[in-house]
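# Survey of secondary and tertiary structure
Spelled out from the first residue to the last, the chains are:
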Amino acid sequence: MKYLRILLLLITVSLSAQKVDLRWAEKIKTKKNVFVLGGINGNYYTGHLDKDDHLVCRKYNDKMELVKEQIIPFELDGKHFYYNRSLFIKNKIVTLIQEHKRKESKDILFASSTDLNLTTNDKTIILDETQEDEKVQSFVSSYISPDSTKVLIFHEKLGRKKEPSTLAFKVYNSDFTDKNLDKVVEIPIKNKNFSTQSIRVDNLGNVYVLAKIIREGKERTKGQSLSYYKVIVFDKTTGSPKEFDFDFENQSIGSIDIIPSKDNTLICTGFLSNIEDGIFFKSVSRVSDEMFSAVLDCNTTTLSSTLKLKVDGLYPDKMRNSSDFVPYQVKDIFPKEDGGYVVVAEQFKLVITTTYSQQTGTQYHYKYYYCDIACLHVDKSGKLESITKIPQFQ
């Protein structure tokens with residue numbers, strides 16, 4: 001039996017000092033991960049899978065004392081189902097269960113709800129399902145709007161060489177009693193080399209898709225990067241798309257993400273790296289001290305501002321160690337009530353090397369670099385207020 005230690009770290013951030021206080025630590029028997037579901041009214045909720053793959057939820061009080069532990073049952077007739085994830089929505093915990101029907105070659109997504117006393121409702125509903133023999137890139141993905149009034153359930157079906165990919169999505173209200181939007185739409189990207197990075201829903205029900213597009217050889221011109229990003233907004237009523245490209249001359253977007261905020265704006269931000277001219281080819285600088293920030297008005301689905309900002313202090317003045325050259329990646333974005341936001345970034349790099357021998361053939365070796373974490377505070381005008389760095393080793 002594996003034990004996983006779960007830690008709750010409350011971070012106090014100030015301009016002159018950084019402090020990390022450990023408030024709670026506990027060992028929990030589990031086969032996989034322990035995850036924090038959410039908190040409300042001074043209570044906190046966690047979940048994990050036990051040795052029999054049962055979902056176990058725990059309730060803690062404001063002193064992080066265990067109040068109740070409960071196995072959450074799955075009331076399904078079929079045997080080919082498994083736990084997918086849990087969503088903390090207002091005053092309940094929604095458990096998503098996936099079933100695969102082999103004969104029909106289709107997947108079905110079920111949902112059951114549990115109240116804050118960890119009592120499960122006997123009723124199970126179907127939220128999504130694929131067609132027979134439908135091949136999808138990933139089945140069952142979800143996102144909750146900032147005000148918890150909308151829940152997005154979606155899956156993406158990859159098109160053939162000359163066919164666009166399709167996105168099947170449903171926007172439910174928080175009780176799953178009504179669907180605000182139920183559409184199967186084409187992702188309007190003609191390039192075959194693209195990948196979906198994020199899919200979000202705002203308080204109004206608009207759906208946003210962030211996609212990375214790789215330029216083909218003939219398509220790339222002087223000053224352009226190998227790839228660029230596109231945000232596609234699907235209207236809350238009609239489902240019709242509207243596109244916004246993020247592409248910067250002589251610069252490459254190294255990391256990017258989007259997130260809707262409570263004030264009905266969508267924040268799009270990322271790190272920019274300069275494209276440098278080499279003797280024989282162009283290269284992208286490994287580190288960057290510049291970001292871009294874009295804000296989209298969810299009510300009108302128009303871009304209200306786009307600007308660049310310097311992030312001095314992110315890297316040392318004199319870079320000596322190999323860890324200094326590890327680029328920062330956007331891990332999360334947290335909107336603030338005053339219209340600003342906080343970007344949480346982590347230094348991350350993956351190096352893949354290959355070796356070959358007659359005995360073993362080709363082997364791939366993966367080396368992961370995880371270094372410092374940085375919190376970047378940006379005000380509502382797009383100006384950088386402060387940077388707080390949390391070293392990996394303390």
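Figured I'd write up the structure that's included with this text.

Counting its regular elements, the protein chain contains zero helices and 27 strands. Residue burial in the protein chain is summarised as follows: out of 394 residues, 45% are buried. Taking all contacts inside the protein chain whose residues are at least 6 apart in sequence as the whole, residues at least 24 apart take part in 41%.

Let us look at the side chain of His48. Looking at the element boundaries, His48 is found in strand S4 (residues 43-49). In contact with His48, not counting residues within four places along its chain, are Ile28, Lys29, Thr30, Asn33, Val34, Phe35, His54, Leu55, Val56, Arg58 and Glu69.

Over the atoms a probe the size of a water molecule is rolled, and this reveals where empty space is left. By the definition in use, this model includes two cavities of 30 Å³ or more. Along the walls of the largest cavity sit Val231, Phe246, Leu266, Ile267, Cys268, Ala294, Val295, Leu296 and Leu303, which together make up its complete lining. For the lining of the largest cavity, the per-class residue count stands at nine nonpolar, no polar and no charged.

Mapped onto the elements, Ile28 comes out in strand S2 (residues 18-29). Under the relative-accessibility criterion, Ile28 is labelled buried at 1%. Taking C-alpha positions, Ile28 is 9.5 Å from Asp50, a pair spaced 22 residues apart along the chain.

Considering all chains together, one arrives at twelve salt bridges under this definition. For the salt bridge of Asp182 with Lys179, the shortest nitrogen-to-oxygen distance reads 3.2 Å. Classification of Asp182 as partly exposed rests on a relative accessible area of 41%. The salt bridge involving Arg200 is made with Asp257; its shortest N-O contact spans 3.8 Å.

For Ser148, which is not glycine, the phi torsion reads 65 degrees and is therefore positive. Tracing the sequence through the fold places Ser148 in the loop between strand S11 (138-144) and strand S12 (150-157). For Asn264, which is not a glycine, the phi torsion comes out positive at approximately 60 degrees. Within the secondary structure, Asn264 is located in the loop between strand S19 (251-260) and strand S20 (265-277).

As a further point, take the sheet that holds strand S7 (residues 81-89). Sheet strands pair via backbone hydrogen bonds, and the direction of the pair is either parallel or antiparallel. Strands sit in the order S7-S8-S9-S10 across an open sheet of four strands; the sheet is antiparallel. Each edge of the open sheet is held by one strand with a lone partner, namely S7 and strand S10 (125-129). The mean inter-strand angle of the sheet, taken between neighbouring strand axes irrespective of direction, is 25 degrees. Note: S7 against strand S8 (residues 92-101), eight bridges, orientation antiparallel. Pairing of Phe81 across the sheet is with Glu99, part of S8.

Here Asp235 lies in the loop between strand S17 (227-234) and strand S18 (241-246). Its relative accessible area of 22% is what places Asp235 among the partly exposed residues. Between the alpha carbons of Asp235 and Val207 there is a distance of 6.9 Å; along the sequence they are 28 residues apart. When neighbours within four sequence positions are excluded, Asp235 is seen to be in contact with Leu181, Asn206 and Ser240. Polar side-chain contacts of Asp235 include one of 2.9 Å to the backbone nitrogen of Thr237.

By the secondary structure assignment, Asp52 is in the loop between S4 and strand S5 (55-60). For the pair formed by Asp52 and Thr30, sequence separation is 22 residues and the distance between their alpha carbons is 9.6 Å.

This part covers the packing of aromatic side chains. Pairs of aromatic rings are described using the distance from one ring centre to the other and the angle between the two planes. Per the counting criterion, the structure on display carries ten aromatic pairs. An aromatic cluster is present here, built from Phe246, Phe248 and Phe292 joined pairwise through their rings.

As a further point, take the sheet that holds strand S24 (residues 328-335). What the four strands build is an open sheet, ordered S24-S25-S26-S27; its pairing is antiparallel. Edge strands, defined here as strands with exactly one partner in the open sheet, are S24 and strand S27 (384-390). Going from strand to strand, the sheet's axes swing by 30 degrees on average, the running direction of each strand aside. Strand direction decides the pairing type here: strand S25 (residues 341-357) and strand S26 (residues 361-378), joined by 16 bridges, are antiparallel. Residue pairing in the sheet places Val343 in a bridge with Leu376 of S26.

With that out of the way, let us pick up the nonpolar core. Of all hydrophobic cores here, the largest spans 37 residues; its most connected members are Leu152, Leu167, Phe169, Val207 and Phe234. In this structure Phe234 touches Leu167, Phe169, Val185, Glu186, Pro188, Asn206, Val207, Val209, Gly239, Ser240 and Pro241, once residues within four positions along its chain are discounted.

So, about the pairing of strand S9 (residues 106-115). In terms of burial, S9 is a largely internal element, eight of the ten residues being buried. Hairpin connection of S8 to S9: four residues between the antiparallel strands, including Ser105 at a positive phi of 55 degrees. Note that S9 and S10 share four bridges and pair antiparallel. If you follow Ile108 over to S10, its bridge partner there is Glu129.

Rules used in this analysis
Residues numbered from 1 in each chain as written. Predicted model: local features only at pLDDT ≥ 70, side-chain atom pairs only at ≥ 80, totals over all residues. Heavy atoms only, no water. Helix = DSSP H or I, 4+ residues; strand = E, 2+ residues; numbered from the N terminus. Buried < 20%, exposed > 50% of the residue type's maximum accessible area, 1.4 Å probe, protein only. Contact = heavy atoms within 4.5 Å. 1 Å grid on protein atoms, 1.4 Å probe; cavity = no way out; pocket = protein on both sides within 12 Å on 5 of 7 lines; lining within 4 Å. Points joined across faces, edges and corners; volume = space filled by probe spheres on them. Nonpolar A, V, L, I, M, F, W, Y, C, P; charged D, E, K, R; others polar. Salt bridge = Lys/Arg side-chain N within 4 Å of Asp/Glu carboxyl O. Pairing = 2+ DSSP bridges. Axes fitted to C-alpha atoms, helices over the stretch in contact; angles between N-to-C directions. Polar contact = N/O pair within 3.5 Å; in protein donor to acceptor, adjacent residues only side chain to side chain. Phe/Tyr/Trp six-rings, centres within 6.5 Å; stacked < 30°, edge-to-face > 60°. Core = buried A, V, L, I, M, F, W, Y, C linked by side-chain atoms within 4.5 Å.

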